[in-house]
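Each chain is listed here by its residues.
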Amino acid sequence: MITAGQMRAGRALLGIDQRTLAEMAGVSLPTIQRMEASDGNVRGVVDTLTKVVDAFHRAGVELIGDHARSEGGGRGVRFREPR
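Below is a summary of the structure that appears in this document. Predicted model, so just to flag it, every value in this text is computed and none were measured. (Residues numbered from 1 in each chain as written. Predicted model: local features only at pLDDT ≥ 70, side-chain atom pairs only at ≥ 80, totals over all residues. Heavy atoms only, no water.)

This part is about the overall build of the protein chain. From N to C terminus, the protein chain includes four helices and zero strands. When the helices and strands of the protein chain are placed in sequence order, the string is α-α-α-α. Across the 83 residues in the protein chain, those meeting the buried criterion constitute 29%. Taking the intrachain contacts of the protein chain between residues at least 6 apart in sequence as the baseline, contacts between residues at least 24 apart amount to 54%. (Helix = DSSP H or I, 4+ residues; strand = E, 2+ residues; numbered from the N terminus. Buried < 20%, exposed > 50% of the residue type's maximum accessible area, 1.4 Å probe, protein only. Contact = heavy atoms within 4.5 Å.)

Before going further, it helps to spend a moment on helix H4 (residues 46–58). The first and last C-alpha atoms of H4 sit 18 Å apart over 13 residues, in line with the 18 Å expected at 1.5 Å per residue. Where H4 is concerned, the buried positions are Thr48, Leu49, Val52, Ala55 and Phe56. Down the axis of H4, the sector holding all buried residues measures 125°, keeping them to one side. H4 presents Val46, His57 and Arg58 as exposed residues on the side facing more than 90 degrees away from its buried surface. Where H4 is buried, its residues contact helix H1 (4–14), helix H2 (18–25) and helix H3 (29–36). Positive backbone phi, approximately 95°, marks Gly60, located one or two places after H4. (Expected span 1.5 Å × (residues − 1). Arc of directions from axis to C-beta.)

A few words on the pattern of salt bridges. Evaluated as defined, the whole model comprises two salt bridges. Notably, a salt bridge pairs Arg11 with Glu36, separated by 2.6 Å at the nearest N-O pair. Placement of Arg11 in helix H1 and of Glu36 in helix H3 is noted, with a sequence separation of 25 residues between them. Classification of Arg11 as buried rests on a relative accessible area of 15%. Residue Glu36 is classed as buried on the basis of its relative accessible area of 6%. One salt bridge in this structure joins Asp47 and Lys51, with 3.7 Å as the shortest N-O distance. Of the two residues, Asp47 and Lys51 both sit in helix H4, four residues apart, roughly one turn of that helix. Its relative accessible area of 47% is what places Asp47 among the partly exposed residues. (Salt bridge = Lys/Arg side-chain N within 4 Å of Asp/Glu carboxyl O.)

Following this line, the structure appears as structure tokens:
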């Protein structure tokens, strides 16, 4: 699962807006807007969530879940404890 906060943070790391993320993921702008307006975990069609996560991955951003290890060696930011 990904959160709206992770999506916003990922976009900030890349310096892109919602429209650019939508284009990268091959989804509509309203879909990205709706996903980022969610509270907590983003809900949606699994295929759409996968497209967004894959777009971030291709751009070099790893979205890390609770209690998951980061496989990458790059710099990153995460909450020390789940909120």
